Amino acid sequence: MQAFYATEFVLPLPDGHRFPMEKYALLRDALRAQLPDVQLHQAHPASDGELALAHTPRYIQAVMQGGLSPAEVREIGFPWSPAMGERSRRSVGATIQACRAALFDGEGVAANLAGGTHHAYADKGSGFCVFNDVAVAARLMQAEWLRRPGHRRPLHVAVIDLDVHQGNGTASIFQGDDTVFTLSLHGARNFPFRKEPSDCDIELPDGCTDAPYLAALAQGLNALSERFQPQLIIYLAGADPHEGDRLGRLKLSDDGMVTRDQQVFDWAWQRRIPVAMAMAGGYGRDIHTTVAVQVRTFEVAQASWRRWQDARGAQTPGSSSGAS
């Protein structure tokens, strides 16, 4: 299974900043130790042209050249530095590469060790999100799809956003676009406090536990099935619904999180829809709890990837070991 990272590009944050930048390197190291079959690759940066598929030129240049206003910097939540633009480009690039691997390279499942920056709008960042990797990757895959022989109709992309916070930026960018379906399960009373309408929003109360959460997810996947036929899924596998998260306000257990991921990957496999996964949020009171949740998500993803590879092998001429 292919996975892409940008851990060498770190934002210089002040002491006491609440964003857990170290979780990305910890996840990379945990995957190397515990899931050595996951093939880790350093992400390439997204270009200005790729970013412009979802963002305004003014905003791109402001991020890259230090032209953000103080209010824009406060809304993002990170102090500006040259590293902000480079890391954000790489985070988008990792989701682009995961989408290509899953969709075009026959992998079926691939991942970004970061990403899921769903609060970024076309013209501004927000909530620790600078560029919207989901929106850029979806738009780019649609463009690359139509350039391939025999592809005359637009690629239909579903965003399954299970970060505990609503994907307001993604919903805003894709409003009115019938080629992208946005599904979001999120805390009703959690950030962002001004939410944007997704194609399907399911709001959850504080303290929501496994059973009602999983029932809500089944409801959301049923709505997706009835209303849309995706050819690619971008899955935001946020760790922040977990009971150990300090910002999530939900109460999913370890087993509940695994079942959540299994539901998504089973739903996609049953329909043979490739999945590109981004890790989105995770703010555990103990950062190692977040990393452990994410490693378990990768275990589920890798099992789904093996299904794809077994199916590819079965379809290869001469691969069958049955009697002639």
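Whatever comes next refers back to the structure up there.
Analysis parameters
Residues numbered from 1 in each chain as written. Predicted model: local features only at pLDDT ≥ 70, side-chain atom pairs only at ≥ 80, totals over all residues. Heavy atoms only, no water. 1 Å grid on protein atoms, 1.4 Å probe; cavity = no way out; pocket = protein on both sides within 12 Å on 5 of 7 lines; lining within 4 Å. Points joined across faces, edges and corners; volume = space filled by probe spheres on them. Helix = DSSP H or I, 4+ residues; strand = E, 2+ residues; numbered from the N terminus. Nonpolar A, V, L, I, M, F, W, Y, C, P; charged D, E, K, R; others polar. Expected span 1.5 Å × (residues − 1). Buried < 20%, exposed > 50% of the residue type's maximum accessible area, 1.4 Å probe, protein only. Arc of directions from axis to C-beta. Contact = heavy atoms within 4.5 Å. Axes fitted to C-alpha atoms, helices over the stretch in contact; angles between N-to-C directions. Parallel < 35°, antiparallel > 145°, perpendicular 65-115°, else oblique. Left-handed = near helix turned anticlockwise from the far one by under 90°. Pairing = 2+ DSSP bridges. Right-handed = clockwise from strand over helix to strand, strands pointing away. Phe/Tyr/Trp six-rings, centres within 6.5 Å; stacked < 30°, edge-to-face > 60°. Lys NZ or Arg CZ within 6 Å of the ring centre and 35° of its normal.

The subject of this paragraph is empty space enclosed by the protein. Using the criterion set out here, one finds one cavity of 30 Å³ or more in the structure. Around the largest cavity sit Val 159, Asp 161, Gly 167, Thr 170, Ala 171, Thr 182, Leu 183, Ser 184 and Ser 198, which together line it. Only strand S4 (157–161), helix H7 (168–173) and strand S5 (180–187) provide two or more residues apiece to the lining of the largest cavity. Of the residues forming the lining of the largest cavity, the biggest block, three residues, is contributed by S5. Partitioning the lining of the largest cavity into residue classes produces three nonpolar, five polar and one charged.

Looking now at helix H1 (residues 23–34). With 12 residues, H1 should cover 16 Å at 1.5 Å per step; its first-to-last C-alpha distance of 16 Å lies within 8% of that length. Regarding H1, the residues found buried are Lys 23, Tyr 24, Leu 27, Arg 28, Ala 30 and Leu 31. Along the axis of H1, the buried positions cluster into a sector of 165°, meaning they face one direction only. Residues of H1 that are buried in the fold lie against strand S1 (2–5), strand S2 (39–42), helix H5 (82–103) and helix H10 (287–315).

With that out of the way, let us pick up the side chain of Gln 97. Counting through the fold element by element, Gln 97 comes out in helix H5. Look past the residues within four positions of Gln 97 in its chain and what remains in contact with it is Phe 4, Gln 42, Ala 43 and His 44.

Moving on: the environment of Pro 192. Summarising the element assignment, Pro 192 is placed in the loop between S5 and strand S6 (200–204). The exposure class assigned to Pro 192 is buried, which follows from its relative accessible area of 3%. Excluding anything up to four places from it in sequence, Pro 192 contacts His 119, His 165, Gln 166 and Asn 168.

This brings us to the packing of H5 against helix H6 (residues 133–146). Remark: H5 packs on H6, axes separated minimally by 9 Å, with the N-to-C direction vectors making an angle of 40°. Comparing the axis directions of H5 and H6 gives the class oblique. Helix-helix and strand crossings are classified by hand; for H5 and H6 the assignment is right-handed. Side by side, H5 and H6 meet where Ser 91, Val 92, Thr 95, Ile 96, Cys 99, Arg 100 and Leu 103 of the first sit next to Asp 133, Val 136, Ala 137, Leu 140, Met 141, Glu 144 and Trp 145 of the second. A class-by-class count of the residues in the contact of H5 with H6 yields nine nonpolar, two polar and three charged.

Another point: the sheet that holds strand S8 (residues 275–278). Within a sheet, neighbouring strands are paired by backbone hydrogen bonds and run either parallel or antiparallel to one another. Taken together, eight strands build an open sheet; the order of strands is S2-S1-S3-S8-S7-S4-S5-S6 and the sheet is parallel. What marks the edges here is a single partner per strand, and that holds for S2 and S6. Here the average twist between neighbouring strands, direction ignored, is 15°. Examined bridge by bridge, S4 and strand S7 (residues 232–236) share five bridges and lie parallel to one another. Bridge pairing in S7 places Asp 161 opposite Leu 236. The sheet strands contacting helix H8 (residues 210–227) are S4, S5 and S6, and the helix crosses S6 at an angle near 170°.

This part covers the pairing of S5. Summarising burial for S5: eight of the eight residues are buried, a large majority. Examined bridge by bridge, S4 and S5 share five bridges and lie parallel to one another. Opposite Asp 161, over in S5, you have Ser 184 as the bridge partner. On the question of chirality, the crossover connecting S4 to the parallel S5 by way of H7 is right-handed. Note: S5 against S6, five bridges, orientation parallel. Note on S6: the bridge partner recorded for Leu 183 is Cys 200.

On to the packing of aromatic side chains. Throughout the structure, instances matching the rule amount to 11 aromatic pairs. When the centroid spacing of 5.1 Å and the interplanar angle of 65° are considered together, the rings of Phe 19 and Phe 128 count as edge-to-face. Note that Phe 19 is positioned in the loop between S1 and H1 and Phe 128 in the loop between strand S3 (109–112) and H6, a separation of 109 residues in sequence. Relative accessible area serves as the criterion here: at 15%, Phe 128 is assigned to the buried category. Among the aromatic side chains, those forming a connected cluster through ring pairs are Phe 19, Tyr 24, Phe 78, Phe 128 and Tyr 283. Its guanidinium or amino end placed over the ring of Tyr 283, Lys 23 lies 5.0 Å from that ring's centre, counting from NZ or CZ. Geometry around Trp 269 places Arg 272 over its ring, the cationic atom sitting 3.7 Å from the centre.

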